Amino acid sequence: MATMVSAISYGPGVPDEGDLRLCGDVAGKRVIELGGTANAIAFAERGARSLATATSAQIEEGRERAEQAEVHVEFHSGDLADLGFATSGSVDLVFACGALADVDDLPRVLRQAHRVLKPEASLVFSVPHPMAAMLEGGEIVLRRGYGTGARTMSDYFMAVMRAGFRVDVMAEPHAVGQPGALVPAALVMRAKKLGV
């Protein structure tokens with residue numbers, strides 16, 4: 001009987017890695033998930049040397065799920081930018097699903113991701129689409145201006161570029177099953193580390 005492998009998620013209702021194909025083959029690679037544990041488990045199921053930095057509550061639940069999936073994930077509790085457990089240039093992929101949307105010091109998190117990644121390795125992340133912040137309760141009526149209370153697409157793009165990355169993919173997928181939706185479900189980026 002084949003073992004079920006969890007999907008690598010970019011968020012609720014957002015197409016997953018099976019559709020977006022941004023992470024590539026992670027078998028034998030060192031991968032860090034920022035701000036969650038579910039994808040770290042999915043990466044481990046695919047043969048990655050998986051690490052996760054998350055809240056204590058997320059880690060407790062993640063440990064149980066990793067044990068059920070019979071995989072090993074190295075869990076670290078703390079701020080998303082506290083990546084001192086990873087040496088410089090030792091990581092093949094840094095992944096974040098939704099976590100960067102709520103972080104106060106985005107440039108600091110991106111600098112730490114850059115530090116731990118190998119040259120040309122990828123940072124892949126998704127955030128709720130910035131246009132969604134203009135709407136409330138799924139209504140079509142605009143409730144606030146673009147960029148009011150949420151980062152814009154250019155905010156993410158410039159922060160990533162200033163941290164020493166080159167954006168090679170930027171996607172704005174609509175929610176699964178809603179191809180005619182007026183607003184994309186997420187902003188998804190893949191950026192490659194520049195320099196050493």
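How each quantity is defined
- Residues numbered from 1 in each chain as written.
- Predicted model: local features only at pLDDT ≥ 70, side-chain atom pairs only at ≥ 80, totals over all residues.
- Heavy atoms only, no water.
- Buried < 20%, exposed > 50% of the residue type's maximum accessible area, 1.4 Å probe, protein only.
- Helix = DSSP H or I, 4+ residues; strand = E, 2+ residues; numbered from the N terminus.
- Arc of directions from axis to C-beta.
- Contact = heavy atoms within 4.5 Å.
- Pairing = 2+ DSSP bridges.
- Axes fitted to C-alpha atoms, helices over the stretch in contact; angles between N-to-C directions.
- Salt bridge = Lys/Arg side-chain N within 4 Å of Asp/Glu carboxyl O.
- Patch = residues over 30% accessible without salt bridge, like charges linked within 9 Å, V, L, I, M, F, W, Y side chains within 5 Å.
- Areas by Shrake-Rupley, 256 points an atom, 1.4 Å probe, with all protein chains shown as cover.
- Lys, Arg positive; Asp, Glu negative; His and termini not counted.
- Charge placed at Lys NZ, Arg CZ, Asp CG, Glu CD.
- Phe/Tyr/Trp six-rings, centres within 6.5 Å; stacked < 30°, edge-to-face > 60°.
- Core = buried A, V, L, I, M, F, W, Y, C linked by side-chain atoms within 4.5 Å.

Draft legend 1. Main features of helix H5 (residues 153-162). Of all the positions in H5, only Tyr156, Ala159 and Val160 are classed as buried. Angular distribution of buried residues about the axis of H5 spans 95 degrees; they occupy a single face of the element. At its buried positions, H5 is contacted by helix H4 (106-116), strand E5 (117-128), strand E6 (165-171) and strand E7 (186-193). Just downstream of H5 lies Gly164, where phi reads positive at about 95 degrees.

Draft legend 2. Seen up close, the sheet that holds E7. One open sheet accounts for seven strands, arranged E3-E2-E1-E4-E5-E7-E6; its pairing is mixed. The sheet is open, and its two edges are formed by strand E3 (73-77) and E6, each paired on a single side. Strand-to-strand twist of the sheet, defined as the mean angle between neighbouring strand axes without regard to direction, takes the value 20 degrees. The strands that H4 touches are strand E1 (30-34), strand E4 (91-97), E5, E6 and E7; relative to E5, the one it contacts most, it runs at about 145 degrees. Here H5 sits on the sheet and contacts E5, E6 and E7; the angle it forms with E7, its principal contact strand, is near 15 degrees.

Draft legend 3. Expanded view of the pattern of salt bridges. Within this structure, the stated rule accounts for five salt bridges. The partner of Asp82 in a salt bridge is Arg108, and the shortest N-O contact between them spans 3.1 Å. Of this pair, Asp82 sits in the loop between E3 and E4 while Arg108 sits in helix H4, and the two are 26 residues apart along the sequence. A relative accessible area of 38% places Asp82 in the partly exposed class. Close ionic contact of Arg190 with Asp168 constitutes a salt bridge, the shortest N to O distance being 3.0 Å. Here Arg190 is found in strand E7, whereas its partner Asp168 is found in strand E6, with 22 residues between them in sequence.

Draft legend 4. Spotlight on a negative patch on the surface. A surface patch of negative charge is lined by Glu60, Glu61, Glu64 and Glu67. Locating Glu60 in the fold gives a position in helix H3 (residues 56-69). Residue classification places Glu60 among the exposed positions, given a relative accessible area of 53%.

Draft legend 5. Quick look at the packing of aromatic side chains. Summed over the entire model, instances satisfying the criterion amount to three aromatic pairs. Summarising the aromatic geometry, the rings of Phe125 and Tyr156 are spaced 6.0 Å apart at their centres and angled 40 degrees between planes, so their arrangement reads as tilted. With a gap of 31 residues between them, Phe125 in strand E5 and Tyr156 in helix H5 connect regions that are remote in the sequence. A residue is classified by how much of its surface remains accessible, and Tyr156, at 4% relative accessible area, is buried.

Draft legend 6. Representation of the nonpolar core within the structure. If you look at the biggest cluster of nonpolar residues, it comprises 32 residues, and the most contacted ones within it are Leu100 and Phe125. Every element with two or more residues in this core is listed here: E1, E4, H4, E5, H5, E6 and E7. Residues in contact with Leu100, not counting those within four places in the same chain, are Leu80, Leu106, Val109, Leu110, Phe125, Val127, Arg151 and Tyr156. In terms of nonpolar packing, the next biggest core, distinct from the first, is built from 16 residues, Val14, Cys23, Val31 and Leu93 among them.

These values are about where atoms sit, not about what they do.
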